[in-house]
Each structure stands twice: as structure tokens, then as C-alpha cells.
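Read off the chains here:
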Amino acid sequence: MARHLITSAIPYINGIKHLGNLVGSQLPADLFARYQRARGNEVMFICATDEHGTPAELAAAKAGKPVAEYCAEMHDVQAKIAEGFRLSFDHFGRSSSPQNHRLTQHFAVKLAEAGLIREVTEQQMYSKADGRFLPDRYIEGTCPNCGFESARGDQCDNCTKQLDPVDLINPHSVISGSTDLEMRETKHLFLRQSAMKDQLDAWIDSKTDWPVLTTSIAKKWLHDGDGLQDRGITRDLSWGVPAQFEGAPWSGMEGKVFYVWFDAPIEYIAATEEWTEKTGGDWERWWRTDKGAEDVTYTQFMGKDNVPFHTLSFPATILGSGEPWKLVDYIKSFNYLNYDGGQFSTSRGRGVFMDQALEILPADYWRWWLLSHAPESADAEFTWENFQVSVNKDLADVLGNFVSRITKFTRSKFGEAIPEGGTWGDQETALTEELSTRIRAYETHMEEKDIRKAAGELRAIWVAGNEYLQAAAPWSVFKTDPDQAAAIARLALNLIPLYAVLSAPFIPDAAELMLDAMQTEDRSWPEDVKTALTALPAGHAFTTPEVLFRKISDEEREAWQDRFAGTRD
Ligand SMILES: [Zn+2]
């Protein structure tokens, strides 16, 4: 039995994510986790909320809540939506957990012992009224470039110019509004990534099977300009993992926390430790190669914007610690999903957000469309027309219609049990051969995380059953040879649990309905198609299911198109 550690990039805590976020990490990771479990492998599937940093503090302030309370509430909201999409995490953790605090500080100490952390003194904006240093996003003022009055210390949202807080005209504190600001000397910790450049470069070179999207981004950061730069890993905030703690090999870091990009990936490990607290399981056998993780295959899923952190920064932390932590084996990265001729926009409420999607249709409809259109080789685009066609054709006309047609036919001619009589002929042999070939191809695409290809093969597997039924035409054969019609129905009814098992990673709810209808709990993978297609014997009772997938009407499509065009209500 193979062992698969699977992590999805962790979503930021402030607000509900849109479908583009979902298809860029959590959903494909879930597909892969479900597939590996279906093959009988041992899986640890981890995700969490990324809770530290300035945006969380600002969002909490806007909501009028203490940041810890705000994060706890938003974590529950995101966990509930994840459940709605049937994301099968073994644990959905929180980067603010005590486990992550401890591990983040542990890694910082190990990196310092290895000489990979340096202290840097720099000038930073200090607010006398607030009694604290202000991170860039806590300072606003007028943009020197376009005159926009609410430009942030790091960037102007109006003209997108990158800024330094000192560039702003009339800068003021976002917290108190005070303009009594001055530059003061302060100290921060930097991770010496530049010292690890060659080691990281060689490691990336050894990953010849990774997607080009992943390696090209890593290589760009390693070599463009002056090459890989050291990065500040502390910030002047109170919400986060304290940078000054007992046993810290530095002093004077009071009032500072580790920067969110340093502690967030460590949460993959910490979340597994949180899982231990919940279940009593052993997290170290997934993460420590000296404690049982040497046979683990570790796969990460993420959008392309997260690739630098996962190919360089987090490996620098792991390798730099000098301890036997499990390094990632494969990084599956995604391009962006655009929305109906533009981009999803959280601030403008443009596009479909995860909670809204579940209000209008069940999870399987979205899962199927998103995965079968995953932005793998290029950016992809969600359009309502394409969504409607895909749902109506693939799910309703092909899969749903097949299940409905054969169960209804059998019920009307033989009753609700698998009929007896007749034998397989050439058509049945041809179908089993086609299915065998296609299922092996499907397995290969799934193992290689080629998600669109896997979806295409699954669709072809559904189509093969439909075409068989159409050609074999048991409703005609029944008139002259009821035994032969029974043999056709028997095979076709056995296709339903076969389809359920193969389709479950994509559409888990429909798969359960199909297994329920066939009154079987056998979820074994069809290693041999002929065996699978004779698994349910004559006389085995079934029930005729309700409609598996309903069609989307033109009126609905138009109404949804209007509703999600912008400005979320
Ligand atoms: Zn501007």
C-alpha cells in the first residue's frame, strides 16, 4: 500500500473564496486524495486557513471584532463551505494553532543555528499616537503618481504603482488616523535564501517530471536579476507567531511576529500535528523521514502565485533546518480561472463565490465543470454558456440518462431486480475491451495529475456505456428474445456501480446515489472489467433512482449571468 501526503495551498482567512480559488488548489487536491483512497492507498490530506498578517487584522477591525474571534468565526465559515463541496480533508487546520506557533519558532531556531538568519537594521515608519511601528498596509496617503487619496504604503490601488510609505503625500496611520509619523530605526530577521541558492537550484533540476509552470517560476526567481534574494521574515504586528520567545537566539524582537509567508507553509506540518490531537494518530510518520515517512509520496497543489513560496522559501526552511523533514515530491500548479470575459474580483463581487455556488446548484455540478476545465496548461475561463452545455450534456444527457434509461427499462420489463438469462455476445466483449483500455488510461492520467485528460477519459467511459445501450437496444430485442434483453440489462445495470466507483473522485454525491440505487457498498476498484461487470448477480435487487442530474434552463443561465456580474449583495 502506497502512502500519499497531499496538501492544498491554504486559503487566506479574510472572506469567502471564489471558484477560481477553489479550482486552483483545494478541489484538484481533493480529486487526487479521493482517487488514491479509492485505489486502496493510505492518504493524509491536509488543508488549513492562513490566519496571520495585516489583512486579517484589518478585516477584523472592519468587522469590529478582536482578530482572534474574527479568525475563529471565519475558519468555521470556510470549513462549512469546504464540507459543502465535499472536500475530504483529513484535517482542516488553523495557522494560528499552538502547534504552528511551536513549530514556526522551532524552525527559526534551527535556521539561526545553521547561520541562515541574519538581523537587519532598517528605517521604518513609527506612529507616536499608536505607539508602534506601522507595516506598509497600515499607512495610507495620497498617491504621488495619480493623486488617489487612499493609496496604501505598499501600492496604489488606483494606478497600481508599487510604493514605499515615504513616497506618500500626507501619510497617516490606518489605525488611529494620526499623521504624527516619523522614520525610526528598527530591526528585522531575514532568511538567507541567497546562501541556499545552489542547493535549491540543484533540487529543482532533479525534478524532471514537474509541470513546466512550476519549474519555470522557480527558475525565474532563482536566476532573474540578482538571483534569489534574502527575505524579511518578521513584521511589526501583534497577531501572529511572536518572534521573541524563550530560547530565541536573538534579542530585541519584542512586538514583532513572523511574517505570514514564513509560518503559513509550516502549518502543513502543524495541521497534521493538530490532526494527532484530534485522532491520536501519529503525525511524525508523515513528516519525519527518520520516523516512518521515508516511503511517503508528498504532493502539493496550488495556484501559480504560490509557487515561489513552495519551490524556494518553504524548501529553504526545510532543508536549512538540517533536520530530516519530508520534502515535497511533486508540485502541481495551476494557472488562473477567469470569469465571463474578465477576472473574478473579490472587492467588486464579480464572479461566483463558493457559498453562492452551493446556494444555486449541488456540489457535483461545480466539481465536474471546474475539474474538467481546470486551468492546467493556460488560463481558463468560466462562462455560463459553457457551464450549461457541460452540465446538460455530460452529466444529464450522458451519465444521468444512462442510469435512468436502464433502470426504468428493467423495472418495466423484469421488475426491480437484475434479470436472469441470455449470454454475452460480440458487443459485450467489445465493450469490456474498450472499457479496460479506457480505465487504464484514466488511471494513468490520475496518477500523473493530468486532470483535464482524466475528466475526458471518464466522459468517454460514460459515453461508451450509452453507445452500447443504444446499439444493443434491449427495448427492441425484448420483443423477440427476452433472454438476450435480460443479458444486456444485466450488464448495463452492473455498469452503474462501476461508473460510481470510477466517478466518485469527481462527483462523490452522485456516486453515492448510484451505489445506493444498486444496493451495493462494494467500492472496490475495477482492476478487471469483466469481473466488475458480473459482480451483481441475477436476482440482486435495485431501486430506480430519482433524476441524478437536472438540466440548466436558458432562463436560469441568464438570471445567474446577471446576478453574478458584479457588486455582491
Ligand atoms: Zn496612484
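Conventions and cut-offs
- Residues numbered from 1 in each chain as written.
- Predicted model: local features only at pLDDT ≥ 70, side-chain atom pairs only at ≥ 80, totals over all residues.
- Heavy atoms only, no water.
- Helix = DSSP H or I, 4+ residues; strand = E, 2+ residues; numbered from the N terminus.
- Rg over C-alpha atoms; globule rule 2.2 N^0.38 Å.
- Buried < 20%, exposed > 50% of the residue type's maximum accessible area, 1.4 Å probe, protein only.
- Contact = heavy atoms within 4.5 Å.
- Areas by Shrake-Rupley, 256 points an atom, 1.4 Å probe, with all protein chains shown as cover.
- Lys, Arg positive; Asp, Glu negative; His and termini not counted.
- Charge placed at Lys NZ, Arg CZ, Asp CG, Glu CD.
- Pairing = 2+ DSSP bridges.
- UniProt positions renumbered as here; feature names shortened; annotations may be inferred.
- Axes fitted to C-alpha atoms, helices over the stretch in contact; angles between N-to-C directions.
- Parallel < 35°, antiparallel > 145°, perpendicular 65-115°, else oblique.
- Nonpolar A, V, L, I, M, F, W, Y, C, P; charged D, E, K, R; others polar.

**A look at the overall build of the chain**
In terms of regular secondary structure, the chain is built from 20 helices and 16 strands. Scaling as 2.2 N^0.38, a compact globule of 569 residues should have a C-alpha radius of gyration of about 25 Å, and the chain matches this with 27 Å. Seen along its three principal axes, the alpha-carbon backbone of the chain occupies a region of about 95 × 55 × 40 Å. Here the chain holds 569 residues, and the buried ones make up 56% of them. Contacts in the chain between residues far apart in sequence, at least 24 positions, make up 76% of those at least 6 positions apart. Per element, the accessible surface of the chain, about 23100 Å² overall, is 47% carbon and sulfur. Between the averaged position of the 58 positive side-chain charges in the chain and that of its 85 negative side-chain charges there is a distance of 1 Å.

**What about the pairing of strand 1 (residues 3-8)?**
Within strand 1, 6 of the 6 residues are buried, leaving the element largely enclosed by the surrounding structure. Covered by surrounding structure in strand 1 are Arg3, Leu5 and Thr7 together with His4, Ile6 and Ser8, the residues of both alternating faces. Bridge analysis of strand 1 against strand 13 (residues 296-303) gives 6 bridges, and the strand direction is parallel. Paired with Ser8 across the strands is Phe301, a residue of strand 13. In this sheet, strand 2 (residues 42-49) lies alongside strand 1 in parallel orientation, the contact comprising 5 bridges. Directly across from Ile6, in strand 2, lies its bridge partner Phe45.

**Focus: the sheet that holds strand 5 (residues 132-133)**
Taken together, the 4 strands give an open sheet; going across it, the order is 5-4-9-10, and neighbouring strands pair in antiparallel fashion. A strand with exactly one partner marks an edge of an open sheet, and here the two such strands are strand 5 and strand 10 (231-232). Looking at chain direction, strand 4 (residues 117-127) and strand 9 (residues 181-191) are connected through 11 bridges and run antiparallel. Bridge pairing links Gln123 to Glu185 in strand 9.

**Observations regarding the UniProt feature "domain: Methionyl/Leucyl tRNA synthetase" (unreviewed entry) in the chain**
Those places that UniProt annotates as "domain: Methionyl/Leucyl tRNA synthetase" (unreviewed entry) correspond, in this numbering, to residues 4-406. In this annotation, residues 4-406 is assigned 40% helix and 19% strand; the end-to-end C-alpha distance for the span is 38 Å.

**Some words on the packing of helix 14 (residues 426-447) against helix 17 (residues 482-503)**
Each pair of packed helices gets described by two things: the angle between the helix axes and the distance between those axes. Remark: helix 14 packs on helix 17, axes separated minimally by 12 Å, with the N-to-C direction vectors making an angle of 5°. What the angle tells us is that helix 14 and helix 17 run roughly parallel. In this structure, helix 14 uses Glu428, Leu431, Leu435, Ile439 and Tyr442 to contact helix 17, whose residues at the interface are Gln484, Ile488, Leu491, Leu495, Leu498 and Leu502. The residue makeup of the contact of helix 14 with helix 17, split by class, is 9 nonpolar, 1 polar and 1 charged.

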